[in-house]
Amino acid sequence: PFGDELQHRIGGYPAEIQEEQMALSCERIRRGRQSDESEEPSPAIQRASKAWRLLLQIDSDPGLKMNWGDGGMLYVFIREQDARKGDFSKTVTISQTY
């Protein structure tokens, strides 16, 4: 637990504000679907979601005059194979707020 500390990150695991299976959301978004948590993901989406990794997490930071929603965070994800190729054109960004 970080308390009130800022949580900017490069890589690692996301500090989620809301309970969400972010990798599944990324794969749904990549396929042009809405990120609907109530829908049971297909086996293909479940398999493909395992390739997603957190690239960058940007916290709301008053010192930098950044506020995402009501003090939320931005999460940028990339598939492992795209990161290994250096292809950052296929990232997915998710925002969460309190």
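Refer to the structure above for everything that follows.
Predicted model, so just to flag it, every value in this text is computed and none were measured.

What counts and how
- Residues numbered from 1 in each chain as written.
- Predicted model: local features only at pLDDT ≥ 70, side-chain atom pairs only at ≥ 80, totals over all residues.
- Heavy atoms only, no water.
- Core = buried A, V, L, I, M, F, W, Y, C linked by side-chain atoms within 4.5 Å.
- Buried < 20%, exposed > 50% of the residue type's maximum accessible area, 1.4 Å probe, protein only.
- Helix = DSSP H or I, 4+ residues; strand = E, 2+ residues; numbered from the N terminus.
- Contact = heavy atoms within 4.5 Å.

Trainee: Explain the nonpolar core to me, please; I cannot follow it from the model alone.
Mentor: Side chains of nonpolar character tend, in soluble globular proteins, to be buried together. With 10 residues, the main nonpolar core is built from Ala-15, Met-22, Cys-26, Trp-52, Leu-54, Met-73, Tyr-75, Phe-77, Val-92 and Ile-94. Contributing elements (two or more residues each) for this core: α1 (22–30), β2 (52–59), β3 (73–79) and β4 (92–96). Here this core takes three residues from β3, the largest share from any one element. Apart from residues lying up to four places away in sequence, Cys-26 is in contact with Trp-52, Phe-77, Val-92 and Ile-94.

Trainee: Quick question: what am I supposed to make of α1 here?
Mentor: Along an α-helix, residues three or four positions apart point the same way, because every turn accommodates 3.6 residues. Residues Met-22, Leu-24, Ser-25, Cys-26, Glu-27 and Arg-28 constitute the buried set of α1. Just downstream of α1, Gly-32 is the residue with a positive phi angle, here 80°.

Trainee: Can you help me understand unusual backbone geometry in this one?
Mentor: Glycine aside, residues mostly have negative phi, and peptide bonds are mostly found in the trans state. Backbone geometry at Lys-65 places phi at a positive 60°, although glycine is not the residue there. For Lys-65, the position within the fold is in the loop between β2 and β3.

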